[in-house]
Amino acid sequence: MAGSYTKKEIGAGPEEQTLLKDSNGARIVPAKGSEPVRLSPGWEGTGRPDDELNFKGVTMDQADLEINPPSDRLHLVFSILVLHGIGILIPWNMFITAKDYFVNYKLSKEYTDIESNYSTHFLSYLGFASQIPNLLFNWLNIFMKLSGNLTTRIAWSIFTLVLIFVFTVILAMTDSSKWPGVFFWITMVSVVVLNTANGIYQNSVFGMAAKLPSKYTGAVILGSNICGTFTAFINLISQIMAPNARTAAIYYFITALFILLACFDTYFALPLNRFYRYHELLNQKELNKRQLESNTRGKPETVPYWKIVSQCAPQLLNIFLVFFVTLSLFPAVQSDIKVSNTEFIIPPDFYVSVMCFLTFNITAMIGSSIASIVQWPSEKYLIIPIILRIFFIPLFLFCNYQPAEITRYLPVFITNDWVYLVIGITMGISHGYFSSIAMMYCPRMVDQQYSSVAGMFGAALLITGIFTGVLFSFVMPMIIS
């Protein structure tokens, strides 16, 4: 009770029935100059709109969610978003990791009896076809928000991904030895369609996660980091268990189908979860509040794009350079580095799967995990180690890089497979670490209200770095020849 009080003895009478008394029958009155006693306001005194006070448009379930906010039991929603994080990168990882199937089987001279350069630049063409849709979607998303129902976008995009993978499995079962050029271009077109649908899916998943606490966006990123390692393991297991490249590819792509179907099922299970429904309700109320404020102001606030770019330009450059260097080398160059010593601990048949895909994905995941614990150097000096990463380009070219259908004239300076492994581990860890902290630093460079726009610029420069790196990888065979 606010204020101090004095006692005044009063006799029994009508007033005594209506005034506050202590245990001795003394009346309690406020001291001179003190605040009056205030009781906790009732529901009507909370200042809420009349419609809300009268529960207009509010179901019993929504009222119960607000009164008893639920928790994420068994971390079910977190696990579902990790699965969707795997799902949004599974198309890219599945196709690049299946290089042995495309290059050494479907497009090889032994299978087609035709000399062609399709196998020489396959991964570079694949990266180009994959990243064009992502590049367009990420830049357009900064200035124009994707509209439409979230459920419709996710359902149709996953359905399209499933159809493309079914088509890819059918192609794997079909004899295409007489039409390698047609097979190549059909594959490229399917990759463009695949990544267009995947761009919508990725954008929608992050939109879905944005309704929840920030750690659930982290769950999607965690799933993306796990995806590369997962696909590398699946590729290795399918190679060990299958009798030939064709059967291995069928097992491999069917695994992707199961992952995407699991993503489809779990998305429709989310609205049944009380924790997810509660945060959807909070998000909708916040949107309604912002809409009301916007209508009150009369005109929407404009975003100062140039100011945001100028403030976070150093980190945008860092993000671009990290992905440019990495995608110049992985997977196009790294997957064409052959074993130098046949007595090496990893057999030649599994050398690329282990030394390229498995090594890079595991080390990149480790580097990304370290970045969540330690962030060094600071924003000002991060550019120094990132520029030093450019030296990975000549280091990989000095290894036993032997692209198909290319005669190498540049001498091989690094002939020790263990040295190459150390270079690969260093490149993977540095990629995961520096890409993560550069993405963390980027939103910090601007005012809090513009941090999400800075984050979108960072994502757009990430894709631009990937796209430019993939284009630069076309030059690598020319350098050594």
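Residues numbered from 1 in each chain as written. Predicted model: local features only at pLDDT ≥ 70, side-chain atom pairs only at ≥ 80, totals over all residues. Heavy atoms only, no water.

Undergrad: Talk me through the overall build of the protein; I want residue IDs and the actual numbers.
TA: A count of helical and extended segments in the protein gives 19 helices and 2 strands. A fraction of 82% describes how many contacts in the protein between residues 6 or more apart in sequence connect residues 24 or more apart. Counting only carbon and sulfur atoms, one obtains 65% of the accessible surface of the protein, whose full area is about 24700 Å². (Helix = DSSP H or I, 4+ residues; strand = E, 2+ residues; numbered from the N terminus. Contact = heavy atoms within 4.5 Å. Areas by Shrake-Rupley, 256 points an atom, 1.4 Å probe, with all protein chains shown as cover.)

Undergrad: Go over the packing of aromatic side chains, please, and point to the residues and values.
TA: Under the criterion given, the structure shown has 39 aromatic pairs. Look at Phe-344 and Trp-418: their rings are 5.0 Å apart centre to centre, the planes differ by 70 degrees, and that puts the pair in the edge-to-face class. Linking Phe-344 in the loop between α13 (313-329) and α14 (351-371) with Trp-418 in helix α17 (residues 417-444), this pair joins segments that are 74 residues apart in sequence. Assessed through its relative accessible area of 8%, Phe-344 is described here as buried. When the ring centre of Phe-183 is taken as reference, the NZ or CZ atom of Lys-106 above it lies at 5.2 Å. (Phe/Tyr/Trp six-rings, centres within 6.5 Å; stacked < 30°, edge-to-face > 60°. Buried < 20%, exposed > 50% of the residue type's maximum accessible area, 1.4 Å probe, protein only. Lys NZ or Arg CZ within 6 Å of the ring centre and 35° of its normal.)

Undergrad: Which residues make up the packing of helix α3 (residues 76-97) against helix α8 (residues 180-209), and what values go with them?
TA: It is at 10 Å that the axes of α3 and α8 come closest, and there the two elements cross at 160 degrees. One way to sum up the angle between α3 and α8 is to call them roughly antiparallel. Between α3 and α8 the crossing geometry is left-handed. Seen from α3, the contacting residues are Leu-81, His-84, Gly-87, Ile-88, Pro-91 and Phe-95; seen from α8, they are Thr-187, Val-191, Leu-194, Asn-198, Tyr-201, Gln-202, Val-205, Phe-206, Met-208 and Ala-209. For the contact of α3 with α8, the per-class residue count stands at 11 nonpolar, 5 polar and no charged. (Axes fitted to C-alpha atoms, helices over the stretch in contact; angles between N-to-C directions. Parallel < 35°, antiparallel > 145°, perpendicular 65-115°, else oblique. Left-handed = near helix turned anticlockwise from the far one by under 90°. Nonpolar A, V, L, I, M, F, W, Y, C, P; charged D, E, K, R; others polar.)

Undergrad: Before we move on, can you summarise the pattern of salt bridges with the specific residues and values?
TA: If you walk through the whole model with that rule in mind, you get 2 salt bridges. Its salt-bridge partner being Lys-99, residue Asp-336 comes within 2.6 Å of it at the nearest N-O pair. On the criterion of sequence distance, the pair formed by Asp-336 in the loop between α13 and α14 and Lys-99 in helix α4 (residues 99-106) is long-range, its members being 237 residues apart. Both residues of the pair, Asp-336 and Lys-99, belong to the buried class. Taking the shortest distance from any N to any O, the salt bridge between Glu-280 and Lys-211 comes out at 3.1 Å. With Glu-280 in helix α11 (residues 274-297) and Lys-211 in the loop between α8 and α9 (214-241), the pair connects residues that are 69 residues apart, well separated along the chain. Overall, Glu-280 belongs to the partly exposed group, its relative accessible area being 28%. Classification of Lys-211 as partly exposed rests on a relative accessible area of 21%. (Salt bridge = Lys/Arg side-chain N within 4 Å of Asp/Glu carboxyl O.)

Undergrad: Lay out the packing of helix α7 (residues 150-173) against helix α10 (residues 245-269) in plain terms, naming residues and giving numbers.
TA: Relative to each other, α7 and α10 sit at 165 degrees, their axes nearing to 9 Å. Taken as axis vectors, α7 and α10 run roughly antiparallel relative to one another. Handedness of the crossing formed by α7 with α10: left-handed. When the residues that make up the contact of α7 with α10 are grouped by side-chain class, the tally is 22 nonpolar, 2 polar and 1 charged.

Undergrad: Can you explain the environment of Glu-110? Please cite residues and give values.
TA: With respect to the helices, strands and loops of the structure, Glu-110 is situated in helix α5 (residues 109-112). The spacing of Glu-110 and Ser-177 is 67 residues in sequence and 9.4 Å in space, taken between C-alpha atoms.

Undergrad: Go over the environment of Gly-465, please, and point to the residues and values.
TA: In this structure, Gly-465 sits in helix α18 (residues 451-472). Given a relative accessible area of 0%, Gly-465 falls into the buried group. Put simply, Gly-465 and Thr-326 are 139 residues apart on the chain and 9.0 Å apart in space, counted from C-alpha to C-alpha. Beyond its immediate chain neighbours, meaning those up to four positions away, Gly-465 contacts Phe-320, Phe-323 and Phe-324.

Undergrad: If you had to explain α13 to someone new, which residues and values would you point to?
TA: Because each turn of an α-helix spans 3.6 residues, side chains separated by three or four positions end up pointing in the same direction. Taking 1.5 Å as the rise per residue, α13 with 17 residues should run 24 Å; its terminal C-alpha atoms sit 25 Å apart, in good agreement. The buried count for α13 comes to 14 of 17 residues, which makes it a mostly enclosed element. (Expected span 1.5 Å × (residues − 1).)

Undergrad: Lay out the confidence of the model for the protein in plain terms, naming residues and giving numbers.
TA: For the protein, the average pLDDT comes to 83, and 83% of its residues sit at 70 or higher. Ignoring residues within four places in sequence, the model shows residues 14-20, a span with pLDDT below 50, making 7 contacts including any to other chains. Across residues 39-44, confidence stays below pLDDT 50; counting only partners more than four residues off in sequence or on other chains, it has 5 contacts. (pLDDT = per-residue confidence, 0-100.)

Undergrad: Report on the side chain of Ser-335, specifying residues and quantitative values.
TA: Here Ser-335 is to be found in the loop between α13 and α14. Since its relative accessible area comes to 2%, Ser-335 is described here as buried. In terms of polar contacts, Ser-335 uses its side chain to reach the side chain of Lys-99, at 2.9 Å. Setting aside residues no more than four positions away along its own chain, Ser-335 makes contact with Lys-99, Leu-123, Val-352, Cys-356 and Phe-357. (Polar contact = N/O pair within 3.5 Å; in protein donor to acceptor, adjacent residues only side chain to side chain.)

Undergrad: I'd love a proper account of unusual backbone geometry, names of residues and values included.
TA: Cis geometry marks the peptide bond from Phe-330 to Pro-331, where omega comes out at 0 degrees. Along the chain, Pro-331 turns up in the loop between α13 and α14. In this structure, Pro-377 follows Trp-376 across a cis peptide bond, with omega equal to 0 degrees. Structurally, the position occupied by Pro-377 is in the loop between α14 and α15 (383-388). Even without glycine at this site, Asp-113 takes up a positive phi of about 60 degrees. Tracing the backbone shows Asp-113 in the loop between α5 and α6 (122-143). Judged by its relative accessible area of 65%, Asp-113 is exposed.

Undergrad: Account for a nonpolar patch on the surface, with residues named and values stated.
TA: A cluster of nonpolar side chains, contributed by Phe-128, Ile-132, Leu-136, Leu-140, Phe-143, Met-144 and Leu-471, occupies part of the molecular surface with about 620 Å² of accessible area. For the nonpolar patch, the element with the most residues is α6, which contributes 5 residues. Mapped onto the elements, Leu-140 comes out in helix α6. According to the relative accessible area criterion, Leu-140 is partly exposed, its value standing at 45%. (Patch = residues over 30% accessible without salt bridge, like charges linked within 9 Å, V, L, I, M, F, W, Y side chains within 5 Å.)

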